[in-house]
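An overview of the molecular structure
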Amino acid sequence: MEKRESMWERYLRKGMSRRSFLKGCVALTTLMGLSTDKLSEVVEAAETKPLPVVVWIHGHECTGCDESFIRSGAPLASDVVLSQIDLEYDHLLSAASGEPFEQHLEEIMKKYKGQYILAVEGAVCTGDNGVYCMSGGRPFVRTLQEAAAGAMAIVAYGTCAVSGGIQSAKPNPTGSAGINPFVGNTPVVNVPGCPPIPEVMTGVIMHLALFGTLPPLDGEGRPKQFYGNRIHDTCYRRPFFDAGMFAENFDDAGAKAGWCLYKLGCRGPETYNSCGNMRWFQGMSYPIQSGAPCIGCSNANFWDDEPFTKRLPGYGKLGNADKIGLAVGALATAGVAAHAAGSIVQKHKRDQAEAAQRAKDEQDKA
């Protein structure tokens, strides 16, 4: 049987130092949302487990997820592809093409049946027998089903693969849908986003690579370490929301002062993702930070939502933004009134004490 390299063996073959290897393991431990006491397990897995074979196929999409992936900064996408996984097939990242490339895919699926990780980018077209998305001269849905049948696990990269994306927007003439109904019983990790955050993409694939198991998932099959919080919960504008301070227009004083964008259509209160804490371009920024409301791109059917600049109809038990502002304003007014009343009482007591002290001093002099 063919012996495949581990990550550590590949580092050695490339002349990389033990220090570089350990630094990479530390970065991976943090990225995967693991505590530092798991570092030894990550190092052991990287030293002993063979690099996983990865097959990356593309359905109905724009390659935006690939473009996001190659911008990962920790770990670098180049390190993932060249040193941490064996990427055997990918339309965008492979030099090969044509019939030999498609033949290679068939060989890899047979050779590593039940062992490879299948990454899927793009929706499945079902309309007119799938002719709107062809891969290797046949409908993509057939390629997906064959690849899924022999995969150890599947990573659905992007909202298109998870729930259909823009291709499935009304009236959906191509019959596009997410991949989950077409992959049988093979376990799937959903990584939604249009596109997903680069480090989220690399973090998920490395968890599968190092541990051979799925990361902890929520009820929608998303990794909890990356989709466990709403963007609203990690947004630096949240204090303005709580204070009832909202931008009313994109060019008003509130918008320029960094107030909450809820009234301008922000979907942060209903969107689960890591944009607010991980951000993009290695932590530099994200849409809300640049002054654009969150459009909820990791939510299913987000393209069919209300106009992106129209606010959500309500928010939890407090109701809509107007009521939040009124309620907060009323509380603030009540607080000011209470503070004023308390100050008057305190001043009255202080005046009484000072008068009593003066009377006592005069009596003592007499």
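Higher on the page you've got the structure.
Residues numbered from 1 in each chain as written. Predicted model: local features only at pLDDT ≥ 70, side-chain atom pairs only at ≥ 80, totals over all residues. Heavy atoms only, no water.

Observations concerning the overall build of the chain
Helix and strand content of the chain: 14 helices and 9 strands. Per-residue burial for the chain yields a buried fraction of 45% across its 366 residues. Summarising the internal contacts of the chain: among those between residues at least 6 apart in sequence, 74% fall at separations of at least 24. When the accessible surface of the chain is summed, it comes to about 18,200 Å², and 56% of that surface belongs to carbon and sulfur atoms. (Helix = DSSP H or I, 4+ residues; strand = E, 2+ residues; numbered from the N terminus. Buried < 20%, exposed > 50% of the residue type's maximum accessible area, 1.4 Å probe, protein only. Contact = heavy atoms within 4.5 Å. Areas by Shrake-Rupley, 256 points an atom, 1.4 Å probe, with all protein chains shown as cover.)

So, empty space enclosed by the protein
Applying the stated criterion across every chain, the model contains 3 cavities of 30 Å³ or more. Looking at the largest cavity, its volume works out to about 90 Å³. Around the second largest cavity, the lining residues are M7, A45, A46, K49, P50, L51, P52, Q84, M206, A209 and L210. Of all the elements in the fold, those that place two or more residues in the lining of the second largest cavity are α3 (39-48) and α9 (198-211). At 3 residues, α9 tops the list of elements feeding residues into the lining of the second largest cavity. (1 Å grid on protein atoms, 1.4 Å probe; cavity = no way out; pocket = protein on both sides within 12 Å on 5 of 7 lines; lining within 4 Å. Points joined across faces, edges and corners; volume = space filled by probe spheres on them.)

Considering helix α5 (residues 77-84)
If you check which residues of α5 are buried, you get A77, V80, S83 and Q84. Check the buried side of α5 and you find it contacts α1 (7-13), α2 (18-31), α4 (64-69) and α9.

Digging into the side chain of S285
Structurally, S285 can be placed in the loop between α13 (253-256) and α14 (321-365). A residue is classified by how much of its surface remains accessible, and S285, at 19% relative accessible area, is buried. Among all residues touching S285, those that are not within four sequence positions of it are R279, W280 and S290.

Remarks on the nonpolar core
Formed by 50 residues in total, the largest nonpolar core has its most connected members in M7, M206 and L210. Per element, the largest residue contribution to this core is 8 residues, and it comes from α9. Look past the residues within four positions of L210 in its chain and what remains in contact with it is M7, L28, M32, V42, A45, A46 and K49. The next biggest cluster of nonpolar side chains, apart from the first, holds 28 residues, and it includes Y112, C125, A156 and V183. (Core = buried A, V, L, I, M, F, W, Y, C linked by side-chain atoms within 4.5 Å.)

Observations concerning a nonpolar patch on the surface
A surface patch of nonpolar side chains, about 220 Å² in accessible area, is lined by I70, L92 and L93. One can find L93 in the loop between β2 (86-90) and α6 (98-111). Of the residues examined, L93 reaches a relative accessible area of 32% and is grouped as partly exposed. (Patch = residues over 30% accessible without salt bridge, like charges linked within 9 Å, V, L, I, M, F, W, Y side chains within 5 Å. Salt bridge = Lys/Arg side-chain N within 4 Å of Asp/Glu carboxyl O.)

Let's talk about the packing of aromatic side chains
The way to describe two aromatic rings as a pair is by their centre distance and the angle between their planes. Summed over all chains, the structure comprises 11 aromatic pairs. Plain terms: the ring middles of Y11 and F21 are 5.5 Å apart, the flat faces sit at 80° to each other, and that makes the pair edge-to-face. In this pair, Y11 is assigned in helix α1 and F21 in helix α2, connecting sequence segments 10 residues apart. For Y11, a relative accessible area of 4% puts it in the buried group. Under the relative-accessibility criterion, F21 is labelled buried at 0%. Judged by centre distance (5.9 Å) and plane angle (55°), the ring pair of W303 and F308 falls under tilted. Assessed through its relative accessible area of 32%, W303 is described here as partly exposed. For F308, a relative accessible area of 25% puts it in the partly exposed group. By the ring-pair criterion, three or more aromatic residues cluster together here, those being W8, Y11 and F21. Over the ring of W8 we find R18, and its NZ or CZ is 4.7 Å from the ring centre. (Phe/Tyr/Trp six-rings, centres within 6.5 Å; stacked < 30°, edge-to-face > 60°. Lys NZ or Arg CZ within 6 Å of the ring centre and 35° of its normal.)

So, the sheet that holds strand β3 (residues 117-121)
Judged by pairing direction, the sheet is parallel, and its 5 strands sit side by side in the order β2-β1-β3-β7-β9 without closing on themselves. With partners counted over all chains shown, the strands left at the sheet margins are β2 and β9 (188-191), one partner each. Across this sheet, the average inter-strand angle for adjacent strands is 20°, counted without regard to direction. With 4 bridges joining them, strand β1 (residues 53-58) and β2 adopt parallel strand pairing. From the neighbouring strand, V55 faces β2, where its bridge partner is Y89. Each of β1, β3, β7 (153-157) and β9 touches α9; the most contacted strand, β7, lies at about 180° to it. (Pairing = 2+ DSSP bridges. Axes fitted to C-alpha atoms, helices over the stretch in contact; angles between N-to-C directions.)

Quick word on the pairing of β1
With 6 of its 6 residues buried, β1 lies for the most part within the structure. Side chains V53, V55 and I57 of β1 all project onto a buried face; the interleaved residues V54, W56 and H58 project onto the opposite face, where all are buried too. Pairing analysis gives 5 bridges linking β1 to β3, with the strands arranged parallel. In the strand pairing of β3, V54 is matched with I117.

A few points about the layout of surface pockets
Put simply, the largest pocket is a space of about 220 Å³. Every residue lining the largest pocket is counted, 18 residues in all, and those nearest its centre are C275, P287, C294, I295 and C297. Looking at the lining of the largest pocket, its residues break down into 14 nonpolar, 4 polar and no charged. (Nonpolar A, V, L, I, M, F, W, Y, C, P; charged D, E, K, R; others polar.)

Let's talk about the state of the cysteines
Counted according to the given criterion, the structure contains 0 disulfides. With no disulfide of its own, C194 lies 5.7 Å from the sulfur of C160, the closest cysteine sulfur. Here C194 falls in the partly exposed class, since its relative accessible area comes to 39%. Unpaired in terms of disulfides, C294 finds its nearest cysteine sulfur in C266, a separation of 5.2 Å. (Disulfide = S-S within 2.5 Å.)

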